[in-house]
Amino acid sequence: MKNKLKYFYSYIPLIIFFILVLFFARQLILKEDPSELPSVLIDEKFPSIALSELPGYKVFSNKNLINANGPSLVNIWSSWCVPCKIEHEYLMSMSNNIIIYGINYKDNKEDALKVLELNGNPFYAIGADRDGMQSINLGVYGVPETFIIDREGNIRYRHVGPILEYDMEKIILPIINKIKQERL
Amino acid sequence: MITIIKFIFCFFIIGNSVLADANTKVAYELYEELRCLVCQNQSLLESNAPLALDLKKVVMDKIELGQSKGEIKKFLVDRYGEFILLKPKYSMQNILLWLGPILFLFIGFFVTFVFLRKQSMYKAEQLPLTKEEENSLKKILDNNVS
């Protein structure tokens, strides 16, 4: 009996080693970025924010989200933000099927207009957040960020960083399709 | 008359600056307790990231409006999550985080206790040598001497 227990003790380091391997493997396989924060607003109403106009474009406000027929995206972008340029083409391709609203974050009017003129406008309506104070209500901490909003105006998902092809096909579009199929 | 006005004016200025100093002190205490979400192991106080500057402004504005530390923290936690607090809350969810080190210390004490007791038990179990053993020992010692 005593010998058996001793036998077990000698395996403790090995067991601890395998537990650690499991932890590390999980992180490797899931490829979760630990610096990416979960939004506290998931399944909450989109917070009320007051945005100003970008001349020549419809103004995005909370009203847009309340009377929604289907899911929509809210994308926080800026002309000075380089990753925003990378995701621009994917926003353009999605804008044919989904309504995308833009929040122009801490940008100057002329630069923002120039970007839309040059690269095309994926946004149904745009609201400008000149000093970045309104986006704080959304918990924005890194541009670009994209929120998926359902019919009721609740936030379903938050994507931090640029939407690349993989993100669009594997994450964003499946959630959108799921929302589309609800209560039809 | 003029001196009296000057006097009152002086008090007004001093009073104002004392109030401003108190606000700054509270603000700096808060900056130290809040995490910069861009460079995530720095506090707001240490960070010069644009978002950190914005959040500092939010904190300062709210202090000037007379909000308490708790109210300001709640405002930020509601938007950014508990991660923004550099010092986690004392809540049931965080109980392992706070009590974990103490728990491990006690596990350490327990293991040491068991180990030491076992050793002293072995000592107590020491038996005198049997005759055979004594003889063989003698043999070995004698061989070495010669």
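Residues numbered from 1 in each chain as written. Chains lettered and ligands numbered in written order. Predicted model: local features only at pLDDT ≥ 70, side-chain atom pairs only at ≥ 80, totals over all residues.

Undergrad: How should the overall build of chain B be read in this particular structure?
TA: Secondary structure assignment for chain B yields five helices and zero strands. Overall, chain B shows an N-to-C arrangement of helices and strands of α-α-α-α-α. Going through the 146 residues of chain B one by one, you find that 13% of them count as buried. Put simply, 41% of the contacts in chain B that link residues at least 6 apart link residues at least 24 apart. (Helix = DSSP H or I, 4+ residues; strand = E, 2+ residues; numbered from the N terminus. Buried ≥ 20, exposed ≤ 12 C-beta atoms within 10 Å, placed from the backbone. Contact = placed C-beta atoms within 7 Å.)

Undergrad: Just checking my understanding: could you explain the environment of leucine 44 of chain B for this structure?
TA: Residues and elements named next belong to chain B. Within the secondary structure layout, leucine 44 lies in the loop between helix 1 (2-33) and helix 2 (50-64). On the basis of neighbour counts, which here come to 27 C-beta atoms within 10 Å, the residue leucine 44 falls in the buried class. With 63 residues separating them along the chain, leucine 44 and isoleucine 107 place their C-alpha atoms 37 Å apart.

Undergrad: Would you explain the interface of chain B and chain A in this entry?
TA: Accessible area lost when the parts come together is the quantity often used to give the size of an interface. Taken together, the eleven residues of chain B in the interface contact eleven residues of chain A. Mapped by element, the contributors of at least two residues to the side of chain B that touches chain A are helix 2 and helix 3 (69-80) of chain B. Looking at the side of chain B that touches chain A residue by residue, the class counts come to six nonpolar, two polar and three charged. (Nonpolar A, V, L, I, M, F, W, Y, C, P; charged D, E, K, R; others polar.)

Undergrad: Mind showing me how you'd approach the sheet that holds strand 2 (residues 99-105) of chain A here?
TA: Paired through their backbone hydrogen bonds, the strands of a sheet run either parallel or antiparallel. Residue and element names in this part refer to chain A. The five strands lie next to each other as 3-2-1-4-5, forming an open sheet whose pairing is mixed. Looking at which strands have only one partner, the edges of the open sheet turn out to be strand 3 (125-129) and strand 5 (155-160). Across the sheet, the mean angle from the axis of one strand to that of its neighbour is 20°, orientation sign disregarded. Where strand 2 meets strand 3, five bridges bridge the pair, whose relative direction is parallel. (Pairing = 2+ DSSP bridges. Axes fitted to C-alpha atoms, helices over the stretch in contact; angles between N-to-C directions.)

Undergrad: Mind showing me how you'd approach helix 2 (residues 12-30) of chain A here?
TA: Three or four residues apart is the spacing at which side chains of an α-helix point the same way, because the helix has 3.6 residues per turn. Residues and elements named next belong to chain A. Here helix 2 spans 27 Å end to end across 19 residues, near enough to the 27 Å set by a 1.5 Å rise per residue. Of all 19 residues making up helix 2, only zero are buried, and the element is barely covered by its neighbours. Note on helix 2: the residue one or two positions beyond its end, lysine 31, has a positive phi of about 55°. (Expected span 1.5 Å × (residues − 1).)

Undergrad: Looking at this structure, how should I read unusual backbone geometry?
TA: Apart from glycine, the bulk of residues carry a negative phi angle, and the bulk of peptide bonds sit in the trans form. Residue and element names in this part refer to chain A. Note the cis peptide between valine 143 and proline 144, where omega equals 0°. Turning to its location among the elements, proline 144 is positioned in the loop between strand 3 and strand 4 (145-149). Of note, the phi angle at aspartate 43 is positive, near 65°, even though the residue is not glycine. By the secondary structure assignment, aspartate 43 is in the loop between helix 2 and helix 3 (62-66). You will see that lysine 106, though not glycine, has its phi angle at about 40°, which is positive. One can find lysine 106 in the loop between strand 2 and helix 5 (109-119).

Undergrad: I keep staring at the pairing of strand 4 of chain A and nothing clicks. Help me out?
TA: Residues and elements named next belong to chain A. Burial of strand 4 is extensive: five of the five residues sit out of reach of the surface. The alternating pattern of strand 4 places Glu145, Phe147 and Ile149 on one face and Thr146 and Ile148 on the opposite face, and all of these are buried. Examined bridge by bridge, strand 1 (residues 72-77) and strand 4 share five bridges and lie antiparallel to one another. Looking across to strand 4, one finds that isoleucine 76 is bridged to glutamate 145. As defined by bridge partners, strand 4 adjoins strand 5 across five bridges and the pair is classed as antiparallel. Each residue of the ladder has a partner; that of glutamate 145, found in strand 5, is valine 160. Linkage of strand 4 to strand 5, two consecutive antiparallel strands, is achieved through a turn of five residues, within which glycine 153 is found at a positive phi near 85°.

Undergrad: Could you clarify how one ought to interpret the environment of lysine 89 of chain B in this entry?
TA: Residue and element names in this part refer to chain B. Along the chain, lysine 89 falls in the loop between helix 3 and helix 4 (95-124). Between the C-alpha atoms of lysine 89 and cysteine 39, which are 50 residues apart in sequence, the distance is 21 Å. Every residue in contact with lysine 89, bar those within four places of it in the chain, is listed here: Glu82 and Asn94.

Undergrad: What am I meant to see in helix 3 of chain B here?
TA: Residue and element names in this part refer to chain B. With twelve residues, helix 3 ought to run about 16 Å at 1.5 Å a step, and its terminal C-alpha atoms sit 16 Å apart, in line with that. Of all the positions in helix 3, only Ile72, Leu76, Arg79 and Tyr80 are classed as buried. Seen along its axis, helix 3 keeps its buried residues to an arc of 80°; they face one direction. Facing away from the buried side of helix 3 by more than 90 degrees, the exposed set consists of Gly70, Glu71 and Lys74. (Arc of directions from axis to C-beta.)

Undergrad: Where do I start with the confidence of the model for chain B in this structure?
TA: Within chain B, residue pLDDT values average 87, and 89% of them lie at 70 or more. Complex prediction metrics read pTM 0.77 and ipTM 0.81. (pLDDT = per-residue confidence, 0-100.)

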